[in-house]
Amino acid sequence: MALSKKTLIHMYETMNRIRLFEQKLQEFFAAGEIPGFVHLYLGEEAVATGTCAALTDTDMITSTHRGHGHLLAKGGDLKLMMAEIFGRQTGYCKGKGGSMHIADMHLGILGANGIVGGGGPLAVGAALAAKYKKSDDVAVCFFGDGASNQGTTQEALNMASAWKLPLVFVNENNGYGISCPQCKSMAVVDIADRAAAYDMPGVVVDGNDVLAVHEAVTEAVKRARKGQGPSLVECKTYRWRGHFEGDACTYRCTEELEEWMAKDPLPRFEAKLLESKTLTKKEAENIKERIVADVEAAVAFAKESPMPPVSALMEDVYA
Amino acid sequence: MSEKTYLQALNEALRQEMERDPNVFILGEDVGQFGGCFGVTQGLFDTFGEERVMDTPITESTIVGAATGAAAAGLRPVAELMFVDFIGVAMDQLFNQAAKMRYMFGGKTTVPMTLRMPQGAGIGAAAQHSQSLESWFMNIPGLKVVIPSTPYDAKGLLISAIRDDNPVVFLEHKLLYGMTGEVPDESYTIEIGKADVKREGSDVTIVATSQMVYSALEAAERLKADGIEAEVVDPRCLQPLDKETILESVKKTHALVVANEAVSFAGPGAEIVALAAEEALEYLDAPVKRVGAPFCPVPFSPPLEQAYIPNADDIVAAVKSIR
Ligand SMILES: Cc1ncc(C[n+]2csc(CCOP(=O)(O)OP(=O)(O)O)c2C)c(N)n1
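Cut-offs used in this document
- Residues numbered from 1 in each chain as written.
- Chains lettered and ligands numbered in written order.
- Predicted model: local features only at pLDDT ≥ 70, side-chain atom pairs only at ≥ 80, totals over all residues.
- Heavy atoms only, no water.
- Helix = DSSP H or I, 4+ residues; strand = E, 2+ residues; numbered from the N terminus.
- Rg over C-alpha atoms; globule rule 2.2 N^0.38 Å.
- Buried < 20%, exposed > 50% of the residue type's maximum accessible area, 1.4 Å probe, protein only.
- Contact = heavy atoms within 4.5 Å.
- Areas by Shrake-Rupley, 256 points an atom, 1.4 Å probe, with all protein chains shown as cover.
- Lys, Arg positive; Asp, Glu negative; His and termini not counted.
- Charge placed at Lys NZ, Arg CZ, Asp CG, Glu CD.
- Near = heavy atom within 4 Å.
- Polar contact = N/O pair within 3.5 Å; in protein donor to acceptor, adjacent residues only side chain to side chain.
- Buried area = accessible area lost by both parts, 1.4 Å probe.
- Salt bridge = Lys/Arg side-chain N within 4 Å of Asp/Glu carboxyl O.
- Nonpolar A, V, L, I, M, F, W, Y, C, P; charged D, E, K, R; others polar.
- UniProt positions renumbered as here; feature names shortened; annotations may be inferred.
- Domains from an automatic or database assignment.

(A) Spatial organisation of the overall build of chain B. Helices and strands together make up the secondary structure of chain B, namely 12 helices and 14 strands. Relative to its length of 323 residues, chain B is compact, with a C-alpha radius of gyration of 19 Å against a globular reference of 20 Å. Structurally, chain B occupies a C-alpha span of about 55 × 45 × 40 Å along its principal axes. Taken over 323 residues, chain B has a buried fraction of 62%. Looking at chain B alone, contacts between residues at least 24 apart form 82% of all its contacts between residues at least 6 apart. Accessible surface, chain B as shown: approximately 11,500 Å² in total, 51% of it carbon and sulfur. Of the charged side chains in chain B, 26 are positive and 45 negative, and the gap between their average positions amounts to 4 Å.

Here it is as structure tokens:
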């Protein structure tokens, strides 16, 4: 697939933005500066990036508890995200949502979600709205291997297919639901196999190869826009960190982690770009430096921002 | 007898019941090797193995339903949901299946199932991981609702819940897991539906549950300085509710404040003040007061979350407004 240089560079930037943003969060969480839970996306950057690069600004996504990558890939603002995660008034949700609930309706982000499997039905609704309004938009539902076992996810797959909705189910199979390995929670090896039960295409891709993800999702999006209904794209990937920051992660062996870290999606993509001369070493360095500065600016913005006033407690309960 | 945390007390209750009765088993997400989201099932997998400490897929509906089915078929499951908030996914299996089975079948079956769920705010977990939902369960005939505040109560009540022939919703508070107290090493039970007077007093009754028991005790100490002796009653179970103990206290003190962390409107306190209004109105010298959470979801940001959670100040203010 011939992608424009602009798209490729954009994808490269996005992956780095997710990586550097999350590494910063990791630091701040360890320093005790972030309240609540933080679920990092490190190692899975290619999935969100490859997927969202196939979408327009008005296409919609539903995200998960591990949502930072999805939000950034869909165009989420670093500063507003950082401020929200720090619980500040200037954050995306005025400090009321935190890491697990960030949303940006202008970018079609229907929110990260604290409920595993909560996104599937919402994505059905978003796709239904697109079809209803004949808008040509599609919806993407990001969901984990663990979430694929939730009834809501299976119900969403069924309904989307029965109603031929413009919906792409993007499964991020990182092998674990918290401590539970996939082999203990389901009998199938490929979650994509389940697509057959709903008469929709199901494909497996290397989730650490951003181009492979992008190609498969682009295909699925095309189908969806043509009114041919939903697809399921399973991206095999791996979560580098524990389930949440602070998880000792004793249920996985280091060899497995090392094996996957060797398949780091970033250097893989970078090598391809350098080889094809889409990018020079110098340009790559510049991009990273710029993102480091952007992330620092986001941190400064968050830290300078006030906490929400107690008077905001009862605001926004009703419209 | 030795000093134990609430978490250790629960763990010990599970261990002792599993040793006593081979039909007792545990199921839930990450309850095995991982030891449960907050660590309550820690070590049980090593002792009892995966046949009795079962990691399930992420599927609350089937966790609750399977526990119900297994209970009806003769076992004594103890199911865990990581957070009470996830009961939404499993509501039908709890409300329409577990709670209704015995009655609908004309008493032909029992459902000896225990469903453990942590609730409550205070750890920055935001709106979908911080609720206190006891009033949902209190409103469903067929369910028992246990809500212990101390390590001692937690152990005795969990053992009773496991031995009970009904579906019991067992509500723990995340912030209580680290609380310590004296807990006997041996197995013991506490009658489900029996309140405990946590502090005696003559001037006002504070009925408090779960984590709010500690706020009520703190409030009582502060009120003492102003010459007000508060009696703190911990119902420990909301269904069945120990009406006698509450009414006895109100008849003695002639004033009632109810404190809970759940949303006040249509919350658990509503039932308790209605009880006093119906059955002890003539003993009341002052209006009843409820202390509870405001009518909004639990916010994430720490200052908002702290403002959300009712505390000892709120209880003191409520008591002073009537005494
Ligand atoms: C309904 C519900 N059940 C359980 C949880 C607790 N929980 C949060 S994330 C998670 C694991 C999700 O696994 P998966 O879908 O594979 O996503 P991953 O964390 O691997 O990205 C669990 C069990 C929850 N948040 N919501």
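(B) Spotlight on the site of the ligand. Residues in contact with the ligand amount to 22 residues; listed here are only the nearest, His-65, Arg-66, Gly-114 and Gly-146 of chain A together with Glu-60 of chain B. Site remark: the ligand is flanked by residues from chains A and B. Take Asp-145 of chain A: an N or O atom from its side chain is 3.1 Å from an oxygen atom of the ligand. Coverage of the ligand by the protein amounts to 97% of the 580 Å² it exposes when considered alone.

(C) Structural detail: the interface of chain A and chain B. Taken together, the contact pairs 36 residues of chain A with 32 residues of chain B. Contact between chain A and chain B buries roughly 2,700 Å² in total, counting both sides, with carbon and sulfur atoms accounting for 71%. A salt bridge links Glu-50 of chain B to Lys-184 of chain A, with the nearest nitrogen and oxygen atoms 3.9 Å apart. Counting residues per element, the ones that place at least two in the side of chain A that touches chain B are α4 (78-85) and α7 (182-185) of chain A. Looking at the side of chain A that touches chain B, its residues break down into 18 nonpolar, 14 polar and 4 charged.

(D) Region of interest: the UniProt feature "domain: Dehydrogenase E1 component" (unreviewed entry) in chain A. The UniProt record marks residues 14-310 of chain A with the feature "domain: Dehydrogenase E1 component" (unreviewed entry), using the residue numbering of this structure. For residues 14-310 of chain A, the helix share is 43%, the strand share is 10%, and the end-to-end C-alpha distance is 36 Å.

(E) Broad picture of the UniProt feature "domain: Transketolase-like pyrimidine-binding" (unreviewed entry) in chain B. In the numbering used here, UniProt assigns the feature "domain: Transketolase-like pyrimidine-binding" (unreviewed entry) to residues 4-179 of chain B. As a span, residues 4-179 of chain B carries 38% helix and 17% strand, and end to end its C-alpha atoms are 8 Å apart.

(F) Representation of the side chain of Arg-17 of chain A in the model. Residue and element names in this part refer to chain A. Relative to the helices and strands, Arg-17 is located in helix α1 (residues 5-30). Among buried Asp, Glu, Lys and Arg side chains, Arg-17 stands out as unpaired, with Glu-13 the closest opposite charge at 4.2 Å. The residues contacting Arg-17, other than those within four sequence positions of it, are Leu-72, Leu-78 and Ile-291.

(G) Region of the structure containing the domain arrangement of chain B. All names here are of chain B. When the domains of chain B are assigned, the result is domain 1 (2-183) and domain 2 (196-321). The centre of domain 1, based on its C-alpha atoms, is set 26 Å off from the matching centre of domain 2. Listed per partner, the contact involves 28 residues of domain 1 and 26 residues of domain 2. Of the roughly 2,200 Å² buried between domain 1 and domain 2, counting both surfaces, carbon and sulfur atoms make up 61%. It is Met-138, Ile-147 and Ser-149 in domain 1 that bury the most area against domain 2; as a group they hold 25% of the surface buried on that side. Inspection of the region where domain 1 meets domain 2 yields 2 salt bridges. In this structure, the salt-bridge partner of Asp-153 is Lys-198, at a minimum N-O distance of 2.6 Å.

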